[in-house]
Amino acid sequence: SNIVVSATHSHTAPDYGKELYLYLGNENRDPLRKGYIEKLIDGIASAIVKANTAAESVSLNYGVTTQDVPVSFNRRSVMKDGSVKTWVGHDHPDFIRAAGPIDPEIGILSIQDQSGKVRGILSNFALHLDTVGGQKWSADYPYWIAQTLQQSAGSDVVSIFGTGCCGDINHINLDGRERNKTDFIGKSIGESIQKGLGKLKRVERPNLSVQSKIVQLPM
């Protein structure tokens, strides 16, 4: 009775907003783009049906771990005149401090079958998915998280990543302008998740509850 559709932010995913709007409104559209929208809708729906069909009893283990290796940085800086600017190096003569913190925590939920085998790992970390440039589609650093976890937990383990609150958190260190590379970021986060798996707590009574609330936020 409750279906949650969650969209995650990425700089290298297909831009389908306009085409989806036209498709749902039965308006004229390019056949190739129409085909993609149909594939997109069918892929999501088919995945849900497939997962529901394959549902089985599992155990859930949850917890948090810390990303100790610096891979995320606040891109906003407070200046001497009180203004807040983006992409100002910390060596700037008018720089005072970063405008806000980062969140080093990684949320983890591990799913194990009745034999104790890990079937899936959900993770959450606050860092923009914009570490890849260019015009090609890319899974960005979550791809490397999946690769790292599959090397240790098995090639069939499903890794699902969710972006945390990362409004001003990027991969560029303004202390020295280094840009962390995609594979370095993903592998590092994946290794942190691996270390945290042994510290998770079992959900003894896994009851799913759903709560909805509209929150009004000022500009």
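Heads up: the structure comes first, above all this text.
Residues numbered from 1 in each chain as written. Predicted model: local features only at pLDDT ≥ 70, side-chain atom pairs only at ≥ 80, totals over all residues. Heavy atoms only, no water.

> Give a description of helix 2 (residues 31–53) that names residues and reports values.
Its 23 residues give helix 2 an end-to-end C-alpha distance of 32 Å, which sits within 8% of 33 Å, the value for a rise of 1.5 Å per residue. Backbone nitrogen of Leu32 and a side-chain oxygen of the N-cap are separated by 2.9 Å at the start of helix 2; the cap is Asp30. (Helix = DSSP H or I, 4+ residues; strand = E, 2+ residues; numbered from the N terminus. Expected span 1.5 Å × (residues − 1). Polar contact = N/O pair within 3.5 Å; in protein donor to acceptor, adjacent residues only side chain to side chain.)

> Which residues make up the sheet that holds strand 7 (residues 118–125), and what values do they have?
Strand order in the open sheet made by the five strands is 8-7-6-1-12, with mixed pairing throughout. Strands with a single pairing partner mark the edges of an open sheet, and in this sheet they are strand 8 (158–163) and strand 12 (201–202). With eight bridges joining them, strand 1 (residues 59–66) and strand 6 (residues 105–112) adopt antiparallel strand pairing. When the bridges of strand 6 are listed, Leu60 appears paired with Ile111. In this fold helix 3 (residues 141–153) packs onto strand 7 and strand 8, with an angle of close to 145° to the strand it touches most, strand 8. (Pairing = 2+ DSSP bridges. Contact = heavy atoms within 4.5 Å. Axes fitted to C-alpha atoms, helices over the stretch in contact; angles between N-to-C directions.)

> So what's going on with the pairing of strand 7? Which residues, and what values?
Two strands pair when backbone bridges link them, and strand 6 and strand 7 are joined in this way by six bridges, in the antiparallel orientation. Note on strand 7: the bridge partner recorded for Ile108 is Ser123. As consecutive antiparallel partners, strand 6 and strand 7 are separated by five residues, and within that stretch Gly116 has a phi angle of approximately 95°, a positive value. Note: strand 7 against strand 8, six bridges, orientation parallel. Bridge pairing in strand 8 links Phe125 to Thr163. In terms of handedness, the path from strand 7 via helix 3 over to strand 8 forms a crossover that is right-handed. (Right-handed = clockwise from strand over helix to strand, strands pointing away.)

> How would you summarise the nonpolar core if you had to cite specific residues and measurements?
Proteins that are soluble and globular tend to have nonpolar side chains buried together. Ile121, Phe125, Tyr141, Ile145, Ile189 and Ile193 are the most contacted members of the largest nonpolar core, which has 20 residues in total. Within the residue set of this core, elements represented by two or more residues are strand 6, strand 7, helix 3 and helix 4 (182–197). (Core = buried A, V, L, I, M, F, W, Y, C linked by side-chain atoms within 4.5 Å. Buried < 20%, exposed > 50% of the residue type's maximum accessible area, 1.4 Å probe, protein only.)

> Tell me what's going on with the state of the cysteines, and back it up with residues and numbers.
In total, this model carries zero disulfides according to the counting rule given. Unpaired in this structure, Cys165 has its nearest cysteine sulfur neighbour in Cys166, at a distance of 7.7 Å. According to the relative accessible area criterion, Cys165 is exposed, its value standing at 76%. Judged by its relative accessible area of 9%, Cys166 falls in the buried class. (Disulfide = S-S within 2.5 Å.)

> Can you tell me about the environment of Lys34, naming the residues and giving the values?
With respect to the helices and strands, the residue Lys34 is situated in helix 2. Given the relative accessible area of 31%, Lys34 is considered partly exposed. Those residues within four positions of Lys34 in sequence are excluded, and the remaining contacts are Tyr23 and Arg29.

> Let's hear about the sheet that holds strand 4 (residues 84–86): which residues, and what values?
Spatial ordering of the open sheet is given by 4-3-5, a layout of three strands whose pairing is antiparallel. Unpaired on one side and paired on the other, strand 4 and strand 5 (95–98) mark the two borders of the sheet. When the angles between neighbouring strand axes are averaged without regard to direction, this sheet yields 40°. Sheet analysis places strand 3 (residues 76–79) next to strand 5, joined by three bridges and oriented antiparallel. Of the residues in strand 5, the one forming a bridge with Val78 is Arg97.

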